[in-house]
Amino acid sequence: MEEQANLEEFLQGASLRGEHLSDRTFWRLFEAVPGLYLILDPELIIVAVSDAYLHATKARREDILGRHIFEAFPDNPDDPHATGTKNLSASLRRVLASKATDTMAVQKYPVRRPASEGGGFEDRYWSPVNSPLLDESGNVSFIIHRVEDVTEYVQLKERGLEQRRLTEQLESRAHEMEAEISRRAQELQRANAQLEQRTRQLEILTTAAQELNSSLQIEHIMRCLVRMSLELVNASEGSWGQLIDGRMIFTEYLRQQGKLIEPLLSVLEPGVGVPGHVMVTREPYVSNDAAHDPHVLSHLQKAMGVRNLIDLPIIGRSGELLGCFELHNKQGGLPFTHEDLELLEGLRASAAVALENARLYEALQSERRTLEAIVKQMPAGLILIEAPSGRFIYYNQEAERLLGHPVPLAGNPEQGTLHGAVHEDLTPYGLDEYPIARALLQGETVKDEEMLYRRDDGSFAHLSVTAAPIRDSAGRIIQAVTVFIDSSVRKAAEAASHDERKWLEALLDRLPVPVALIDPATKEFTFRNEEAKRLRIPLPLNLSQLDDTKYYATDVRGRRIPFSELPRAKVARGETFSGIEVTWHTPEGSIPFIFNGRLMPPMHGRPALAILVFQDISELKRVEAELNQSETRFRRLYESNLLGIVFGDIGGGLYDVNEYYAQLIGSSREEILAGQVRWDEITPPEDLEKDKAAAREMLESPEGVCTPYEKRYVLKDGRVVWILLGAAFLDENRFKNVAFVLDITQGKAAEEQLARSLSSEQLAREEAEIALTQLRMERDLREQFVSALSHDLRTPLTAAKMSAQLIPRQANLPDKVYALAARVKLNIDRADQMITDLLDASRIRAGQGLPIVAAPCDLRQVVAGTLEDLATVHGERFSLRGEERLQGKWDADALRRLIENLCSNAIKYGDPTGRVTVTLREDGNQVELAVHNWGRTIPPQEQEGLFQYFARTKSAEVSGKKGWGIGLTLVRGVAEAHGGSVRVESTQENGTTFWVRLPKDATPPH
């Protein structure tokens, strides 16, 4: 071994000194070495041999130099069990792979005899050692093959020489040497195998980060991870998964240590299967008995033949779970060990970094694609210039369109051409005057600078230009960017907006209610319509200039309101309100108002605008006071029991009666209201016909009243009571009514009784005249407030009967029967809605969409709530069918307006006795709303223009029903603002149906 080390040291030193094998002196020294040596190149070609080796192998130097070692020294072909070549080949491969010395066990090696010695092979026994000779780069340049001839020893043992006198000590020593040599050889082979495995594992771990980060594709990274892991721990199959939306998704399965890839689709929720368990615990998991492991899904275990497995989560540097990888079936039936887990930990860390890089790359690429798409599609020209050369390096199509010529990516675009920026006197810009040149050369940021640009065809473009420098981390200008738009379009839009504002103001001047527009920034009026200007005490334009000792406001309780809390200030701050009652005081007097306010947000390039709708309620206050007095008088009449008063409905039900009526029929109020005593059961059949005739008269009468008539009651004790009865409807639905009952039993027999009846009747007529006067006052007030311009809305102040104003429902209810202030608020709300309709209609007329705020809601609930509100006005004439639940994202308020318009039209122009049916249907990602009614149909030639602005059908005009013709325009606008549509079908056979189709998600794009 010392000789071997000396030779290696000599050869290595000669190599470092630059001495080569061709040097004759080196050759002679090597050939004279007393040991048995062969020098092989990495291809196992013999390049040198010592004389001792030639002597031992009975070979000649010229016969073996330049030949492959196993060609020069083959196995004995007559010995089928020869293993010398195989074992030597394995040792030489290990030396090439590990670059380390490899000691072999004693080998039986056949040596060919020369022909002069009889030919054939002679068995020799050698103990070989193979050592690498490394070059300056650390690569194997030669292999030194040295052998120690132990033939005599082995032959001595085989021949079994009887020279026992060399004693049993020599024999014993021989056995010990044999055992030692065999044991050492086995240990060396095991150590070499382990060293080879450790070397490969070290290579995998050393190169893992480089290989995993060599790609930015997640699929490639995970495949590479699984393949390296299979080789690292000697497993057969594996798979990998990504965490997407909280679930672990596997798409492929690798077999044969990654050589075969099979498609796989497995989606596992947290806690399901081993990957789901790893998702929850975020810790590696090892199972060496997969068939009985509760975390292993049995169907997957059987389908894939999994005996044992190891699963590791991949966790990013921020602690985020990115995915996992799982290995199956360690080869040789061996279990996965803690050592395997430690080896895989290194790969897991490298994979986490690679995955994060790949995800970051995908995100950057996505942002880049998005940015490029935005730049390409943006409605503005964009040009990017390099510093300091001024070279154009990018422009979009809009820049080329606006400038009217291609933008050259090299050279100066102004030289030798007609196009370029010019001043107002048409003199050309100097190069340093261009906004982008100022940004590039001076670092100036230019915003919205107007520039006149002359194109090659002689036309001019008005451009609004913005330019800015782009700097590096050191603050140096490296590029400049300019963005420009055609400002002539904006100027035209501003002119159109001004015209539209004038048109809108003219329209608001036609409204019968006072309206004011307010600048939110200054809180000053920018417009007041004619009704607002006609107020007896005009409102001030600027509050800051007022003397608050002479001009101030109070609330309903008489408390002073600070100027900062007045309606105009509140609406300017963005507050929405309705029904605020304010009394304005001036040196000339005071006047009460009710205000509604709403702030219209900025949209389509228009600034925010505050709207105030208000009403002088002085007259209403006076009427309210008179009604309160009338109510007090009626309350005294009701409680005085001078005549019977009954509240009921057209179906015969009773809600309340006074003591006079209860005593008249010999029962208590409680018995009557509980239904124990019914008026129709104590009325003779012939008198029931009078009741039916009176009911028909009330339904047919425009006033909803009947002529007083006489009838009888037959009481339970047999007595007959004669009464005089008059009745009137309380509501416009003609359902609830009030009846006045007078006992005329004794009057029929005596003149005196008749005189008192006449006196009572005269009193009733006087009260009726008072009520009629008050009703006329209320009707005049209503007609003054609402004009014929209101769309599809009946006047909020209905012509209620005097009896309806003065009904005490029950003794424990509030004092007021009908709150006049609530009616005034309703009137203001309806006027506010009318203005909103006008604004929306003008927006549609200008080609703009209606603004909506989509939020999650149930369409069924929206429709049901709207129909319930409509039923309070039109009665129970609506039916709702179809889906019980329709969830989506819509603007609920906008859809209520749509439904109100369609259903109100169906009531107004349809069969007056028929029902209106609303049907809801779900169709994939769409929903459909249908409103159907019977009655007069819409001719086909009128259906096409039905949704146009101010469009009304001839049948609607002939009907005499008032309307502006904007209701269906608003319906179309609401549908289209949601990304939907509306259409109509109208035939004699099927009636009229309006179909509205909407997407489930109507969120406007940003």
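Residues numbered from 1 in each chain as written. Predicted model: local features only at pLDDT ≥ 70, side-chain atom pairs only at ≥ 80, totals over all residues. Heavy atoms only, no water.

Per an unreviewed UniProt entry, the recorded name for the protein chain is histidine kinase, and the organism is Archangium minus. According to its UniProt record, the protein chain has this under Catalytic activity (unreviewed entry): "ATP + protein L-histidine = ADP + protein N-phospho-L-histidine." Listed under Subcellular location (unreviewed entry) in UniProt, the entry text for the protein chain is "Membrane". (UniProt positions renumbered as here; feature names shortened; annotations may be inferred.)

(A) Molecular detail of the overall build of the protein chain. Along the backbone of the protein chain there are 29 helices and 37 strands. With 1006 residues in all, the protein chain has 44% of them scored as buried. For the protein chain, restricting intrachain contacts to residue pairs at least 6 apart in sequence, the fraction spanning at least 24 positions comes to 55%. (Helix = DSSP H or I, 4+ residues; strand = E, 2+ residues; numbered from the N terminus. Buried < 20%, exposed > 50% of the residue type's maximum accessible area, 1.4 Å probe, protein only. Contact = heavy atoms within 4.5 Å.)

(B) Main features of the packing of aromatic side chains. Within this structure, the stated rule accounts for eight aromatic pairs. Centre to centre, the rings of Phe593 and Phe595 are 5.7 Å apart; their planes meet at 45°, and the pair counts as tilted. On the accessibility criterion, Phe593 (1% relative accessible area) is buried. A connected cluster of aromatic rings, assembled from ring pairs, spans Tyr53, Phe73 and Trp126. Stacked on the ring of Tyr552, the Lys or Arg Arg560 has its end atom at 4.1 Å from the ring centre. Its end group placed over the ring of Tyr655, Lys736 keeps NZ or CZ at 5.5 Å from the ring centre. (Phe/Tyr/Trp six-rings, centres within 6.5 Å; stacked < 30°, edge-to-face > 60°. Lys NZ or Arg CZ within 6 Å of the ring centre and 35° of its normal.)

(C) Highlighting the environment of Glu71. In this structure, Glu71 sits in helix H5 (residues 69–72). Note on Glu71: relative accessible area 49%, which makes it partly exposed.

(D) Spatial organisation of the confidence of the model for the protein chain. When the pLDDT values of the protein chain are averaged, the result is 79; 77% of them are 70 or greater. Here residues 410–416 is modelled with pLDDT under 50, and outside its nearest four sequence neighbours on either side it reaches eleven contacts, counting other chains as well. Considering only residues more than four positions removed or in separate chains, one finds that residues 771–828, a stretch of pLDDT under 50, has 115 contacts. (pLDDT = per-residue confidence, 0-100.)

(E) Molecular detail of the pattern of salt bridges. In the structure shown here, the tally under the stated rule is 42 salt bridges. The residue Arg712 makes a salt bridge to Glu686 at a minimum N-O spacing of 2.6 Å. Taken as a pair, Arg712 in strand E28 (residues 709–714) and Glu686 in helix H21 (residues 685–700) lie far apart in primary sequence, 26 residues in all. Residue Arg712 is classed as partly exposed on the basis of its relative accessible area, which comes to 21%. The shortest N-O distance in the salt bridge between Glu689 and Lys692 comes to 3.8 Å. A residue pair is termed a helical-turn pair when its members lie 3 or 4 positions apart in one helix, as Glu689 and Lys692 do in helix H21 at three residues. Note on Glu689: relative accessible area 46%, which makes it partly exposed. Lys692 gets classed as partly exposed once you look at its relative accessible area, which sits at 47%. One continuous salt-bridge network, built from bridges that share partners, spans Glu565, Lys570, Arg573 and Glu575. (Salt bridge = Lys/Arg side-chain N within 4 Å of Asp/Glu carboxyl O.)

(F) Representation of the pairing of strand E23 (residues 577–586) in the model. By the criterion of burial, E23 is predominantly enclosed, with seven of the ten residues buried. Here three bridges tie strand E21 (residues 552–554) to E23, and the two strands are oriented antiparallel to one another. Note on E23: the bridge partner recorded for Ala553 is Trp584. Where E23 meets strand E24 (residues 589–600), eight bridges bridge the pair, whose relative direction is antiparallel. From the neighbouring strand, Val582 faces E24, where its bridge partner is Phe593. Here E23 hands over to E24 after two residues, the two strands then running antiparallel side by side. (Pairing = 2+ DSSP bridges.)

(G) Region of the structure containing a nonpolar patch on the surface. Taken together, the side chains of Ile650, Tyr655, Leu699 and Phe735 define a hydrophobic patch exposed on the protein surface, amounting to about 350 Å² of accessible area. Among the residues examined, Phe735 registers a relative accessible area of 39% and is labelled partly exposed. (Patch = residues over 30% accessible without salt bridge, like charges linked within 9 Å, V, L, I, M, F, W, Y side chains within 5 Å. Areas by Shrake-Rupley, 256 points an atom, 1.4 Å probe, with all protein chains shown as cover.)

(H) Spotlight on the pairing of strand E26 (residues 644–649). In terms of burial, E26 is largely enclosed, as six of its six residues are buried. Neither face of E26 is exposed, since Gly644, Val646 and Gly648 on one face and Ile645, Phe647 and Asp649 on the opposite face are all buried. Bridge count between E26 and strand E30 (residues 736–743): six bridges; the pairing is antiparallel. Paired with Ile645 across the strands is Phe740, a residue of E30. In this sheet, strand E27 (residues 654–657) lies alongside E26 in antiparallel orientation, the contact comprising three bridges.

(I) Layout of the side chain of Arg438. Looking at where Arg438 falls in the secondary structure, it is placed in helix H14 (residues 435–442). Owing to a relative accessible area of 14%, Arg438 belongs among the buried residues under this scheme. In this structure the side chain of Arg438 is engaged in a polar contact, spanning 3.2 Å, whose partner is the side chain of Glu444. When neighbours within four sequence positions are excluded, Arg438 is seen to be in contact with Asp432, Glu433, Gly443, Glu444, Val446 and Glu449. (Polar contact = N/O pair within 3.5 Å; in protein donor to acceptor, adjacent residues only side chain to side chain.)

(J) The sheet that holds strand E17 (residues 460–471), seen in detail. Reading across the sheet, the six strands line up as E14-E13-E18-E17-E16-E15 and stay open at both edges, with antiparallel pairing between neighbours. Edge strands, defined here as strands with exactly one partner in the open sheet, are strand E14 (392–395) and strand E15 (420–422). Looking at each pair of strands side by side, their axes are set apart by 35° on average, direction ignored. Where strand E16 (residues 446–454) meets E17, seven bridges bridge the pair, whose relative direction is antiparallel. When the bridges of E17 are listed, Leu452 appears paired with His462. Relative to the sheet, H14 contacts strand E13 (381–386), E16, E17 and strand E18 (477–486), its axis offset from that of E18 by approximately 160°. (Axes fitted to C-alpha atoms, helices over the stretch in contact; angles between N-to-C directions.)

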